[in-house]
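Analysis of the macromolecular model
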Amino acid sequence: MNERRKSENVLLNTALQDFYGAAEEMGLSENQIAILSNSERRLEVSVPVEMDDGSLRVFKGYRVQHSTALGPSKGGIRYAADLNVDECEALAMLMTWKCSLAGIPYGGGKGGIACNPFSMSKREKERMSRTFAARISPNIGRWSDVPAPDMNTGGQEMVWIMDTISKMRGQIEPAQLTGKPISYWGARGRNEASGLGAATCGLELMKALGKDPAKMRVAIQGFGNVGSFTAKHLSSAGATVVAISDSLATYYSPKGIDVNMAFERLCGRSRKEREGVTLDGCEKLGPSDVLFVDCDFLFPCAVQGVLNRDTAPKVKAKYIVEGANGPITPEGDAILNDAGVLIVPDFLANSGGVISSYFEWAQNLQGFFWTEEEHNERLLRLIRENFKRVWDQSQAKKATMRRAAYVAAIQRVADAVELRGNFL
Ligand code: NAD
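Bringing helix H12 (residues 352-366) into the picture now. Look at H12: 21 Å from first C-alpha to last across 15 residues, which is about the 21 Å you get at 1.5 Å a residue. Most of H12 is tucked away, with 11 of its 15 residues classed as buried. Residues of H12 that are buried in the fold lie against strand S3 (73-79), helix H3 (85-102), strand S5 (145-149), helix H6 (190-209) and helix H13 (372-397). In the stretch just after H12, Gly 367 is the one whose phi turns positive, near 65°.

Shown next, in the form of C-alpha cells:
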C-alpha cells in the first residue's frame, strides 16, 4: 500500500481523508489512489509589485493543478491574506470532484495571491494581477488550465490577467479564463447561474419526494449572489420564502417575504445602507436565526462552517441544500444525518457557477455567443440530469447524497486515469 498523505493544513487534510475514505470504500486500485491523492502541479511564484508610494513589495502567488485527467484544470483565483499553497491544493482537489460530477470536461485547479486586496489601490491590484499572470502564464491556457474569479476577485481581475497573457502570446486568448464581464467575452446568464442551480436542486428534490413547491416554506441564509437568486427562482416556482438573511440580520415572515422588495432594499447596498433596512411584514432577528426558523427547506448560501456541533441540533428544516461551499462541518453533518435531515451537497447544489463557466469557455472557443435563454435551458438540463444521477444512486445504495455524489465524481476521474494510463 502506498503511504497515505497527511497535511497540517486542516482543509487539505480533510480533502485528503475524505478522498481516501471514499476511494477505499469504492475499491479503487492503489495506483489510482496514489495518482489522485497527489496534485499534478503545485506552483509557487513571487509577485513583485511597485506600490503607489514608490516602495516595492513581493507577494507570494500560487497555482495548483490537481488533475487534468478529464480535461483542462478549472478553478478560481483568490486574493486573501492567509492564502497558502496547501489551501489551494485542497480547493483544487474539490474542483476536480465538482467538475467531474457536473459532467463537464475539466479537471480541478485553484490559485491566488497571499495579499490583503482591501488595503491596495486599483492600480496596485492591476500591477499585481498582471505580474502574477505573467509568472503563471506558461501553465495557463484554454486547453491546459482555465482560471475564474474566486474570493475577492471578479471580472476586472480576469480581464487584467487575460489581457496580459494575450499580449505575451501576441493574440487574443479569451477562452483561457472565465468569469469575464458580459461586455468583454463573458457569458449571458452567469450572474444568476449558481442561484438558479441551487434553486433547481431544491425543486428537483421536492419533485423526487412528491412535494408541491407551493406548500414548501424555505429559509435562505445569505442574500448575496447565490442566496438572492436562489430566493428569486424558488419564489417564482411558488415556494414561500419565510426567511432570508445577510451578515447583519434575518428577515422573517411566516406568511412569506416579498423577494422582489428584498432585492430592491438589500442587493447592491453598502453595509451602512443595509443597517436601517426593514421589509414590510417581516420581523428582524439576529443574523444566525435564519438557520433555526420553522421551515421545510434550508438553503445556507453565505459562508462555510455555519452548521456545526453547536448549531446543527437546533435546525428545524428537514431538507438542506448547500448553496455555499462547505456550510456544514463534518460534526454538523453527522448530527443532521442522525436526525434524518436530507442534504444536497455543495458540489452538486452550487455547480451552476462552474457549469456556466464551461458554457462561457465553449462560446469563447467558437467565438459564438448564446442568448440567456439558451444558456439557462442548457444549465437546467445538466443540473437536473446530475441531480437525478446522484439521487438515484443514493436511493439504490441507501447512501447519503453526499457520499453518492463523491463516489460518482471520483469514479469518473478514476476511469479517465485508467483509460489514459500512468503517463498523465
Ligand atoms: P456574496 O458575497 O455575494 O454573498 C454572501 C452573503 O452572505 C451576503 O448576503 C453576506 O451579507 C452574507 N454573509 C456573510 N457573512 C455572513 C455570516 N457570517 N452569516 C450570515 N450571512 C453572512 O457571496 P456569494 O457569491 O453569494 O457566495 C456565497 C457562497 O457560495 C460562498 O461560500 C461561495 O464560495 C459559494 N459559491 C458561490 C458561487 C458564485 O457563483 N457566486 C459559486 C459556487 C459557490
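What follows picks up the thread again.
Here the focus is the pairing of strand S1 (residues 41-50). Direction of pairing for S1 relative to strand S2 (residues 56-67): antiparallel, over a ladder of 10 bridges. Of the residues in S2, the one forming a bridge with Val 45 is Gly 61. Connecting the antiparallel pair S1 and S2 is a turn made up of five residues, with Gly 54 showing a positive phi of about 95°.

Now for the site of the ligand. Residues in contact with the ligand amount to 17 residues; listed here are only the nearest, Ser 194, Phe 223, Asn 225, Val 226 and Ser 247. Taking Ser 194, its side chain carries an N or O atom lying 2.6 Å from an oxygen atom of the ligand. In this structure, an oxygen atom belonging to the ligand sits 3.0 Å away from a side-chain N or O atom of Asn 325. Protein burial of the ligand: of its 840 Å² of free accessible surface, 66% is covered by the chains. In the shell around the ligand, the residues fall into six nonpolar, nine polar and two charged.

Moving on, we get to the sheet that holds strand S12 (residues 342-344). The strand order across the open sheet built from seven strands is S9-S8-S7-S6-S10-S11-S12, with neighbouring strands paired in mixed fashion. Since the sheet does not close on itself, it has two edges, and those belong to strand S9 (283-285) and S12, each with one partner. Averaged over all neighbouring strand pairs, the angle between strand axes comes to 20°, with direction disregarded. Inspection of the sheet shows strand S6 (residues 217-221) paired to strand S7 (residues 240-245) by four bridges, in the parallel sense. Residue pairing in the sheet places Ala 219 in a bridge with Ala 243 of S7.

Glancing now at the domain arrangement of the protein chain. For the protein chain, the domain assignment lists domain 1 (39-172) and domain 2 (193-302). Relative to domain 2, the C-alpha centre of domain 1 lies at a distance of 32 Å.

Further remarks concern the packing of aromatic side chains. Applying the stated criterion across every chain yields a total of 15 aromatic pairs. Relative to Phe 359, the ring of Tyr 358 has its centre 5.7 Å away and its plane inclined at 40°; by these criteria the two rings are tilted. Given the relative accessible area of 23%, Tyr 358 is considered partly exposed. Exposure remark for Phe 359: the relative accessible area of 4% places this residue in the buried category. Ring centres of Phe 359 and Trp 370 lie 5.0 Å apart, and the angle between their planes is 50°; on these two criteria the pair is classed as tilted. Here the residue Phe 359 occupies a position in helix H12, and Trp 370 occupies one in the loop between H12 and H13, the gap between them amounting to 11 residues. Following the ring pairs from residue to residue traces out a cluster consisting of Tyr 106, Trp 143, Tyr 358, Phe 359, Trp 361 and Trp 370. The ring of Tyr 106 carries the charged tip of Lys 74 above its face, separated from the ring centre by 5.9 Å. The side chain of Lys 314 reaches across the aromatic face of Phe 292, ending 4.7 Å from its centre.

The subject of this paragraph is the environment of Ile 335. Inspection of the secondary structure puts Ile 335 in helix H10 (residues 330-338). The class of Ile 335 is partly exposed, set by a relative accessible area of 26%. Between the C-alpha atoms of Ile 335 and Arg 63, which are 272 residues apart in sequence, the distance is 35 Å. Excluding residues within four positions of it along the chain, Ile 335 makes contact with Asn 308, Arg 309, Ala 312 and Pro 313.

As a further point, take the pattern of salt bridges. This model, assessed by the stated rule, comprises 29 salt bridges. Among the salt bridges present, the one from Arg 142 reaches Glu 173, with a minimum N-O distance of 3.9 Å. Of this pair, Arg 142 sits in the loop between helix H4 (122-136) and S5 while Glu 173 sits in the loop between helix H5 (155-169) and H6; the two residues are 31 residues apart in sequence, bridging distant segments of the chain. On the accessibility criterion, Arg 142 (35% relative accessible area) is partly exposed. Via salt bridges that share partners, Arg 123, Glu 126, Arg 130, Asp 163 and Lys 167 belong to a single interconnected network.

Looking now at the sheet that holds S3. Here five strands make up an open sheet; going across it, the order is S1-S2-S4-S3-S5 and the pairing mixed. A strand with exactly one partner marks an edge of an open sheet, and here the two such strands are S1 and S5. The average undirected angle you get between the axes of adjacent strands in this sheet is 20°. Bridge count between S3 and S5: five bridges; the pairing is parallel. Pairing of Gly 76 across the sheet is with Ala 148, part of S5.

Conventions used here
Residues numbered from 1 in each chain as written. Predicted model: local features only at pLDDT ≥ 70, side-chain atom pairs only at ≥ 80, totals over all residues. Heavy atoms only, no water. Helix = DSSP H or I, 4+ residues; strand = E, 2+ residues; numbered from the N terminus. Expected span 1.5 Å × (residues − 1). Buried < 20%, exposed > 50% of the residue type's maximum accessible area, 1.4 Å probe, protein only. Contact = heavy atoms within 4.5 Å. Pairing = 2+ DSSP bridges. Near = heavy atom within 4 Å. Polar contact = N/O pair within 3.5 Å; in protein donor to acceptor, adjacent residues only side chain to side chain. Areas by Shrake-Rupley, 256 points an atom, 1.4 Å probe, with all protein chains shown as cover. Nonpolar A, V, L, I, M, F, W, Y, C, P; charged D, E, K, R; others polar. Axes fitted to C-alpha atoms, helices over the stretch in contact; angles between N-to-C directions. Domains from an automatic or database assignment. Phe/Tyr/Trp six-rings, centres within 6.5 Å; stacked < 30°, edge-to-face > 60°. Lys NZ or Arg CZ within 6 Å of the ring centre and 35° of its normal. Salt bridge = Lys/Arg side-chain N within 4 Å of Asp/Glu carboxyl O.

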